[in-house]
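# Topology and contacts: notes
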Amino acid sequence: MADPTARIEELRRLLRYHGHRYHVLDAPEISDAEYDARYRELEALEEAHPDLVTPDSPTRRVGAPASGLFAPITHRERMFSLDNAETPEQVEAWEARLERALGRPPSGFSCELKIDGLAVSLTYEGGRLTRAATRGDGITGEDVTANVRTVLGVPLVLLGDDVPSVMEVRGEIYMPLDAFEALNAAQAEAGERLFVNPRNAAAGAVRQKDPSVTATRRLAVWVYQMGHVEGGPAFDSHTGAMAWLRDHGLPVNPEGERVADTAGVLAYLDRARESRHDLAYQTDGVVVKVDELADQRELGFTAKSPRWAIAYKFPPEEQTTRLVGIEVNIGRTGAATPYAVMEPVFVGGATVTNATLHNQDEIARKDLRIGDTVVVRRAGDVIPEVVGPVPSLRTGDEVVWSMPATCPFCGNPITRAEGEAVARCTGGFDCPGRLREYLAHFGGRSGMDIEGLGAKTVDLLLSEGLIRDPSGIFTLQPGDLLGFEGWGEVSVGNLMAAIDAARGRPLGRLLTALGIPLVGGTVARTLARRFLSMDRLLDATEEELAAIDGIGPEIAASVRAWSADPDNRALVERLAAAGVRTADPEPEGVDRGLLEGVTLVVTGTLEGYSREAAKTAVEDRGGKVAGSVSGKTTAVVVGASPGSKAARAGDLGVTILDEAAFTRLLEEGPAALPDP
């Protein structure tokens, strides 16, 4: 018998080529039957010669069921969120800001449909897919490689030979509308829960523990951005990079278009909005990017978003339904928030039965009454909103609503302080409604990220009296849960492992989880970097807090008030006693006050530092990295292909440092700066 190696490689090459023609270019050259015949031939050959099987073979897309929890993956470069625009005027204002920053209009824009799916990062090494991760919090995501390998549009091996040694690309995994309809039809026939929209169905499919289940969900992907790249070709523009990705086998949405100016952007927005329902997938807007990569580098990032991109959200869709009731939920801060209970209505791509009503004043302002026919809108296609009633359809049987005097969960009074819009339950954490929301936040992904500690688990723990505050999570024993329905040795062991892992989360995570008013993830990381321990933070004065860059007087007052509460201090002590990490280690070899009072601006590309790494290095030493050059700037660090900031530094007489001088500054402090 002839050596099968050559035939196996030939079949793999053909299947990759024709898979690309079918899934990416939508221009197949062979019939499905011919493709299937070659696929079956490859399967038979690999079965007969298992020593020749490779993980990137087209037959290996569905692997063995994943075991345990999804492992965390730190992105090589942060996956930022985008600032939003909802009107053409806001897009024009964004372009005006770009022009002021660059000193001239951008030389072109890339317009792409905003896909309503799950953001993922795909990493290729030597042209082969090695890992896939969810966006997560932008810094750390989940390893979903085994599942993403089942998505037929994701190439396991890139086409061509001129590929980077390492390349990360960002994309959106979505479920086509016909696949979503078929999935829900199958769910209904089986008597199972229906999915509310394609986005949720896609996200749930990607996070299945069994890749073979993911493979049945007919997911697809569009790639929209290059991330971290090592080696390979260089590009001048985003559209050039996207064309290269398409040529090398990655699905790039064909609706994308490069336009010359703002007028072209606005025309594209109009076309995209008018044709959105003609597509085979859901879109909820348009992403507009500055096309030239040199301009992108010059514009840089804010704390959470790139300045060179914006997401234009389509006008929300509206429907009418009946308001059958108004209930109250108690949040983690004790806020009593009314919400609408409505007859189910399909709007903006999802079935809606509930919507927030914010507060009692908002209900009165809109004159909403129980029994009203109301207009429901999904603002930005995400958040359900009751716009208002349809008074002409009133019968006279409608009922005016008022905030209940007592909490529906604990019976304690609901009060509203003078001058405040929000009413609050006075039961503290004795209120099970508030405690439930607080614990769900504490263990959630933005908090301590304890896999398995969802709403149902929290409800069980509370109903059985197993926990009374977050510290109780860390004193749970396996025997506390064994024997309850759905809790066997494996599920209990997984939860115990997740809790144990959460003990070692960084201080910034703990600060976010504690739910200090006005302290989100970015502020929490800033506080953690500045104080390194809960003890130091709890003892910090309001003046010390307010002096920190990015911490204003309102946040400082909120943190100080939280720290002064004896109950909060006692909670921190109980968490520490349960083994939760309440301090971060001092960075090795770093003098945290070395760059105190130093303000730097970074422009261009540095060889030894990503923009985020350079910023962190400066902040770890007590310095500040600003986004623009001014007379208060200590120095401008200039890398390859710098923009107008370098010229601005020259005009103002600000010191310019190359990368070597920047490294010396990090090591030696201001003494390393050249004489003015």
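Let me sum up the structure you'll find in this document. (Residues numbered from 1 in each chain as written. Predicted model: local features only at pLDDT ≥ 70, side-chain atom pairs only at ≥ 80, totals over all residues. Heavy atoms only, no water.)

This part covers the pattern of salt bridges. Tallied over the full model, the rule gives 36 salt bridges. Taking the shortest distance from any N to any O, the salt bridge between Glu142 and Arg207 comes out at 2.6 Å. In this pair, Glu142 sits in strand 6 (residues 140–142) while Arg207 sits in the loop between helix 6 (198–206) and helix 7 (211–215), placing the two residues 65 residues apart along the sequence. By relative accessible area, which is 12% here, Glu142 ends up buried. In this structure, Arg468 engages Asp430 in a salt bridge whose closest nitrogen and oxygen atoms are separated by 3.6 Å. (Salt bridge = Lys/Arg side-chain N within 4 Å of Asp/Glu carboxyl O. Helix = DSSP H or I, 4+ residues; strand = E, 2+ residues; numbered from the N terminus. Buried < 20%, exposed > 50% of the residue type's maximum accessible area, 1.4 Å probe, protein only.)

Attention now moves to the packing of helix 12 (residues 432–443) against helix 13 (residues 455–463). Across the interface, helix 12 lies against helix 13 with an axial gap of 10 Å and an inter-helix angle of 130°. Between helix 12 and helix 13, the crossing angle belongs to the class labelled oblique. Every pair of crossing elements has a handedness; the one defined by helix 12 and helix 13 is right-handed. Where helix 12 approaches helix 13, its residues Pro432, Leu435, Arg436, Leu439 and Ala440 are matched on the opposing element by Ala455, Val458, Asp459 and Leu462. Residues belonging to the contact of helix 12 with helix 13 are distributed by class as follows: seven nonpolar, no polar and two charged. (Axes fitted to C-alpha atoms, helices over the stretch in contact; angles between N-to-C directions. Parallel < 35°, antiparallel > 145°, perpendicular 65-115°, else oblique. Left-handed = near helix turned anticlockwise from the far one by under 90°. Contact = heavy atoms within 4.5 Å. Nonpolar A, V, L, I, M, F, W, Y, C, P; charged D, E, K, R; others polar.)

What follows is about the sheet that holds strand 11 (residues 309–313). Ordered by their spatial adjacency, five strands build an open sheet running 2-11-10-3-9, and the pairing between neighbours is mixed. The open sheet has two edge strands, strand 2 (84–85) and strand 9 (257–259), and neither has a second partner. Pairing analysis gives seven bridges linking strand 3 (residues 109–115) to strand 10 (residues 283–290), with the strands arranged antiparallel. Across the sheet, Glu112 pairs through a bridge with Val287, a residue of strand 10. Here helix 8 (residues 238–247) sits on the sheet in contact with strand 3, strand 9 and strand 10, set at roughly 55° to strand 3. Here helix 9 (residues 262–275) sits on the sheet in contact with strand 3, strand 9, strand 10 and strand 11, set at roughly 20° to strand 3. (Pairing = 2+ DSSP bridges.)

Once that is clear, we can look at the pairing of strand 14 (residues 350–356). Taken together, the six bridges between strand 13 (residues 335–347) and strand 14 define a ladder with antiparallel strand orientation. Along strand 14, the bridge assignment pairs Val347 with Ala350. Counted along the chain from strand 13 to the antiparallel partner strand 14, the turn is two residues long, and its residue Gly348 has a positive phi close to 60°.

Burial along strand 23 (residues 635–638) is two-sided: Ala635 and Val637 and Val636 and Val638, pointing in opposite directions, are all buried. Judged from the four bridges that link them, strand 21 (residues 599–603) and strand 23 form a sheet pairing that is parallel. Among the inter-strand pairings, Val601 is bridged to a residue of strand 23, identified as Val636. With three bridges connecting them, strand 23 and strand 24 (residues 655–657) associate as parallel partners. When the sheet's bridge partners are listed, Ala635 is paired in strand 24 with Thr655. A crossover links strand 23 with its parallel partner strand 24, the connecting element being helix 23 (residues 644–652), and its sense is right-handed. (Right-handed = clockwise from strand over helix to strand, strands pointing away.)

Here we come to the environment of Met496. Relative to the helices and strands, Met496 is located in helix 15 (residues 489–502). If we ignore the near neighbours within four places in the chain, the residues touching Met496 are Leu476, Gln477, Pro478 and Leu481.

The next thing to look at is the packing of helix 3 (residues 88–102) against helix 9. The N-to-C vectors of helix 3 and helix 9 enclose an angle of 150°; their axes lie 11 Å apart at closest approach. Taken together, the axes of helix 3 and helix 9 lie roughly antiparallel to each other. Judged by the twist between their axes, the crossing of helix 3 over helix 9 is right-handed. Contacts between helix 3 and helix 9 involve Pro88, Val91, Glu92 and Glu95 from the former and Thr262, Val265, Leu266 and Leu269 from the latter. In terms of residue class, the contact of helix 3 with helix 9 is built from five nonpolar, one polar and two charged.

A few words on the sheet that holds strand 24. Here we have four strands laid out as an open sheet, ordered 22-21-23-24, and parallel in their pairing. What marks the edges here is a single partner per strand, and that holds for strand 22 (624–626) and strand 24. Neighbour-to-neighbour, the strand axes of this sheet turn through a mean angle of 35°, independent of strand direction.

Under the counting rule described, the total for this entry stands at ten aromatic pairs. Here Trp222 and Tyr281 contribute two aromatic rings whose centre-to-centre distance is 5.9 Å and whose plane-to-plane angle is 65°, an arrangement assigned as edge-to-face. Remark: Tyr281 occurs in the loop between helix 9 and strand 10 and Trp222 occurs in strand 8 (residues 220–230); sequence separation between them is 59 residues. Considered together, Trp222 and Tyr281 belong to a single accessibility category, that of buried residues. A centroid spacing of 6.0 Å and a plane angle of 80° characterise the contact between Phe301 and Trp308, whose relative ring orientation is edge-to-face. Classification of Trp308 by relative accessible area gives buried; the value is 9%. Joined through ring pairs, the aromatic side chains of Phe80, Phe301 and Trp308 make up one cluster. The ring of Phe429 is capped by Arg434, whose NZ or CZ atom sits 4.3 Å from the centre of that ring. (Phe/Tyr/Trp six-rings, centres within 6.5 Å; stacked < 30°, edge-to-face > 60°. Lys NZ or Arg CZ within 6 Å of the ring centre and 35° of its normal.)

Let's shift gears to the nonpolar core. Within the largest apolar cluster, 50 residues are counted, with the highest numbers of intra-cluster contacts made by Ile450, Phe474, Leu514, Leu527 and Met534. Elements with a minimum of two residues in this core: helix 12, helix 13, helix 15, helix 16 (507–513), helix 17 (521–531), helix 18 (534–539), helix 20 (553–564) and helix 21 (566–577). The leading source of residues in this core is helix 15, at six residues. Residues within four places of Met534 in sequence aside, it is in contact with Leu507, Leu510, Leu511, Leu514, Trp562, Val572 and Thr582. (Core = buried A, V, L, I, M, F, W, Y, C linked by side-chain atoms within 4.5 Å.)

It is worth spelling out helix 8 at this point. Those residues of helix 8 that fall on the buried side of the exposure criterion are His238, Ala241, Met242, Trp244 and Leu245. Along the axis of helix 8, the buried positions cluster into a sector of 160°, meaning they face one direction only. On its buried side, helix 8 packs onto strand 3, strand 7 (166–174), strand 8, strand 10 and helix 10 (293–299). (Arc of directions from axis to C-beta.)

The residue Asp367 is not glycine, and still its phi comes out positive at about 55°. Within the fold, Asp367 resides in the loop between helix 11 (360–366) and strand 15 (369–370). Take Asp367: its relative accessible area is 30%, and that puts it in the partly exposed class. Phi angles above zero are rare outside glycine, and Leu532 is one such case at about 70°. Topologically, Leu532 is positioned in the loop between helix 17 and helix 18.

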